[in-house]
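# Descriptive structure summary
Spelled out, the chains give:
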Amino acid sequence: MQIIVDIGNTDAVFGLYNQTHWQHIWRTPARHDESAESYEARLRLWLLEANVPLSSVQLTVLSSVVPTLTPTMRSMLGELFGFEPIVVGPGIYPLLPLEILRPHEIGADLVANALAAYTRYQRNCVVVDFGTALTFTTVSGEGKIIGVAIAPGLKTAIRSLFANTAQLPEVPIEVPESALGTSTTHAIQAGVVLGYEGLVRSLLDRIRAELDGDCLAVATGGLSGRIPSLRDAFTDIVPSLTLDGVRLIGETVTESTK
Ligand SMILES: Nc1ncnc2c1ncn2[C@@H]1O[C@H](COP(=O)(O)OP(=O)(O)O)[C@@H](O)[C@H]1O
Ligand SMILES: CC(C)(COP(=O)(O)O)[C@@H](O)C(=O)NCCC(=O)O
Ligand SMILES: [K+]
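Residues numbered from 1 in each chain as written. Chains lettered and ligands numbered in written order. Predicted model: local features only at pLDDT ≥ 70, side-chain atom pairs only at ≥ 80, totals over all residues.

## Quick word on the confidence of the model for the chain
What counts, and what does not: One confidence number per residue, pLDDT, is output by the predictor and ranges from 0 to 100.
Put simply, the chain has an average pLDDT of 97, and 100% of its residues get 70 or more. Reported confidence for the predicted complex is 0.97 by ipTM and 0.97 by pTM.

Next up, the structure:
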């Protein structure tokens, strides 16, 4: 068994991988002020509920784009299982079959997305990750990360209107029937949700044009299913893609140190 951890800016996601598949995927808010003990208690409880003894976990891999949480989670995993986790970062990128732009700058989750897409398709592919940020990571069929685009995530955009105005409420992410909003809620949903549909389609078109048309698109991230009208823009929606990539990074590192 393996425990694969992906810490994003909203949620920390823990995957329990059993040889061939994800047996469980658990999510908890990624809170800077939460202690190692409290994450440990949560993970112990999940494993207990899943009937998985600690001793059956043979490998742990950690990806984090929240530097203040990385040492907390790293030491928690080390102490709980009795061996150090593999931590995704520039130190191990030379072991991966990827060519990575600015290894010290790119988010570990984007590298994981790129490796998962490269392994899955071996074709030019853009991974659209609907998280706190909305990211577009394009990897070539040869494993080169060609480029990234970063926009505010859907919830982040809605929250920023709420946070930066006196009169706009925080609204649920729902697709409105019309672009002509007839209430404040519908107006925000028209602007953000319909607007983001256009943002995603337009960036995909532009990325494809820059690659002479040849590029698959795959969606992932907690909010990836929230704009159903975008379904046809993607070859696949793979909610576990980032975890898959983090797991593949762990596998590659383990193989290379055998
Ligand atoms: N199982 C789920 N199904 C649908 N949406 C989810 C699920 N879990 C979390 N979410 C939503 O996804 C968002 C977080 O997405 P995620 O990709 O994990 O972001 P980040 O990586 O930036 O932390 C949260 O706003 C949450 O409401
Ligand atoms: C772009 C991100 C904020 C996405 O994070 P997320 O939405 O998954 O929480 C993260 O990958 C990050 O902090 N990246 C560093 C900058 C870069 O990738 O160029
Ligand atoms: K993420």
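## A few points about the UniProt feature "binding site: substrate" (unreviewed entry) in the chain
Filter applied, for reference: UniProt positions are given in the numbering used here, feature names are shortened, and annotations may be inferred rather than shown by experiment. Numbering of helices and strands runs from the N terminus; a helix is a DSSP stretch of H or I covering at least four residues, while a strand is a stretch of E covering at least two. Labels follow a simple rule on C-beta atoms placed from the backbone: if 20 or more others lie within 10 Å of a residue's own, it is buried; if 12 or fewer, it is exposed; otherwise it is partly exposed. By the criterion used throughout, residues are in contact when their C-beta atoms, derived from the backbone, lie within 7 Å.
Using the residue numbers shown here, the UniProt feature "binding site: substrate" (unreviewed entry) corresponds to Gly107, Ala108, Asp109, Leu110 and Thr184. Across 78 residues, the annotated set is spatially dispersed, with a maximum C-alpha separation of 37.6 Å. Structurally, aspartate 109 can be placed in helix α3 (residues 108-121). Of the residues examined, aspartate 109 has 30 C-beta atoms within 10 Å and is grouped as buried. Other than its neighbours up to four places away in sequence, aspartate 109 contacts Asp6, Gly8, Ser63, Val65, Asp129 and Thr242. Following the sequence through the fold, threonine 184 ends up in helix α5 (residues 184-210). Apart from residues lying up to four places away in sequence, threonine 184 is in contact with Leu168 and Pro169.

## Details of the UniProt feature "binding site: ATP" (unreviewed entry) in the chain
The UniProt entry lists Asp6, Ile7, Gly8, Asn9, Thr10, Asp11, Ala12, Val13 and Thr132 under the feature "binding site: ATP" (unreviewed entry), expressed in the numbering used here. Taken together, the annotated residues stretch across 127 residues yet fold into one region, lying no more than 13.5 Å apart by C-alpha. Taking the number of C-beta atoms within 10 Å as the measure of exposure, isoleucine 7 has 23 and is therefore buried. With respect to the helices, strands and loops of the structure, glycine 8 is situated in the loop between β1 (2-7) and β2 (11-18). On the basis of neighbour count, glycine 8 is assigned to the buried category, with 23 C-beta atoms found within 10 Å. If sequence neighbours within four positions are ignored, glycine 8 has contacts with Ala30, Val65, Asp109, Gly131 and Thr132.

## Here we look at the site of ligand 2
So the rule is basically this: Residue proximity rests on one test: whether the C-beta atom, placed from the backbone, lies within 6 Å of the molecule or strand. Side-chain classes follow a simple rule in which Ala, Val, Leu, Ile, Met, Phe, Trp, Tyr, Cys and Pro form the nonpolar group, Asp, Glu, Lys and Arg form the charged group, and the remainder, Gly included, forms the polar group.
In the vicinity of ligand 2 lie 15 residues, with Gly8, Asn9, Gly107, Gly131 and Ala133 positioned nearest. Residue composition of the shell around ligand 2, grouped by class: six nonpolar, seven polar and two charged.

## Concerning the pairing of β2
For clarity, the cut-off: DSSP-based pairing: two strands are paired if at least 2 bridges between them are found.
Counting buried positions over the eight residues of β2 gives six, a clear majority of the element. Both β1 and β2 contribute to a ladder of six bridges, which runs antiparallel. Its bridge partner being in β2, glutamine 2 is matched across the sheet by tyrosine 17. Connecting the antiparallel pair β1 and β2 is a turn made up of three residues. By the bridge criterion, eight bridges tie β2 to strand β3 (residues 21-29) in an arrangement that is antiparallel. The residue of β3 that forms the bridge with leucine 16 is histidine 24.

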